[in-house]
Amino acid sequence: MRRTVLALLAGAALVSGCSTGSDQVQANNGGEFRFVAATPVGEVIPEGERAVAPEFSGTLLGGGEFSSEELAGDVAVLNFWGSWCAPCRVETPEFQEVYAEVRDEGVEFVGLNVKETSEQFALAFVERFGVEFPSVYDPRGEVALAFRDYPANAIPSTIVLDRQGRVAAVYTGAVTQEDLRAVLDRLLAEEV
């Protein structure tokens, strides 16, 4: 009986981590709480209002190192995901399709695997869905903390950067192929 209760509590904790609220609240280093809204579907933040994304680095799934410096000059899609997240199972194959179409047009995709209990679960997920873009293994959510001014703590979350490394769009919850393509088309059409 005790094991059943513990298993139920653990399951509830995982499910609660897979959320898509529209009124996310963030805490910054000063302990101040502030509301940060997600970008409307298919929309981008006006160029004059974009902030430079924080730098981040980490270990890739399966080994190797990654640094956000590798994204310089490209439009970048940063997707926070977990193998335990049901919406991620829908979104990830769609992201792979978009990635296959735009990777030669100056668009980079980086997965950020968070809240994972074992790298093996993440590797199995990537293999199952045929994901070709790299993913940083970040079980403690250190990259999400670097993006504390954006709602990257809901899983899935997606942050799209313009060619200057500025945050151009932020999504909490799954993003459809159509919405992602619309944002990427707008960013690729911008003057550098």
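Please refer to the structure higher up on the page.
These numbers come from a predicted model, not from an experiment.

**With respect to the overall build of the protein chain**
If you tally the helices and strands in the protein chain, you get 5 helices and 9 strands. In sequence order, the protein chain lays out its α and β elements as α-β-β-β-β-β-α-β-α-β-α-β-β-α. Residues counted as buried form 45% of the 192 residues belonging to the protein chain. Put simply, of all contacts in the protein chain between residues at least 6 apart along the chain, 73% involve residues at least 24 apart. Surface accessibility of the protein chain: about 9900 Å² in total, with carbon and sulfur atoms responsible for 53%.

**Thoughts on the packing of aromatic side chains**
Overall, the coordinates contain 9 aromatic pairs when judged by the stated rule. Residues Tyr99 and Phe109 carry aromatic rings whose centres are separated by 5.4 Å and whose planes lie at 65° to one another, so their mutual orientation is edge-to-face. Of this pair, Tyr99 sits in helix α2 (residues 86-102) while Phe109 sits in strand β6 (residues 107-114), placing them 10 residues apart in sequence. The exposure classification of Tyr99 matches that of Phe109, with both residues buried.

**Focus on the nonpolar core**
Across soluble globular proteins, nonpolar side chains have a tendency to be buried as a group. Phe109 and Leu184 are the most contacted members of the largest nonpolar core, which has 51 residues in total. Contributing elements (two or more residues each) for this core: β5 (75-81), α2, β6, α3 (119-128), α4 (142-146), β8 (157-161), β9 (167-172) and α5 (177-189). Leave out the neighbours within four places in its chain, and Leu184 touches Val75, Val77, Val98, Val102, Val107, Phe109 and Val160.

**Let's talk about the sheet that holds β5**
What the 5 strands build is an open sheet, ordered β7-β6-β5-β8-β9; its pairing is mixed. Each of the sheet's edge strands pairs with one partner strand only, and the pair in question is β7 (135-138) and β9. Taken over all neighbouring pairs, the strand axes of this sheet differ in orientation by 15° on average, direction set aside. For β5 and β6, the ladder comprises 7 bridges, and the chain directions are parallel. Counterpart to Ala76 in the pairing with β6 is Glu108. Here α2 sits on the sheet in contact with β5, β6 and β8, set at roughly 155° to β6.

Calculation criteria
Residues numbered from 1 in each chain as written. Predicted model: local features only at pLDDT ≥ 70, side-chain atom pairs only at ≥ 80, totals over all residues. Heavy atoms only, no water. Helix = DSSP H or I, 4+ residues; strand = E, 2+ residues; numbered from the N terminus. Buried < 20%, exposed > 50% of the residue type's maximum accessible area, 1.4 Å probe, protein only. Contact = heavy atoms within 4.5 Å. Areas by Shrake-Rupley, 256 points an atom, 1.4 Å probe, with all protein chains shown as cover. Phe/Tyr/Trp six-rings, centres within 6.5 Å; stacked < 30°, edge-to-face > 60°. Core = buried A, V, L, I, M, F, W, Y, C linked by side-chain atoms within 4.5 Å. Pairing = 2+ DSSP bridges. Axes fitted to C-alpha atoms, helices over the stretch in contact; angles between N-to-C directions.

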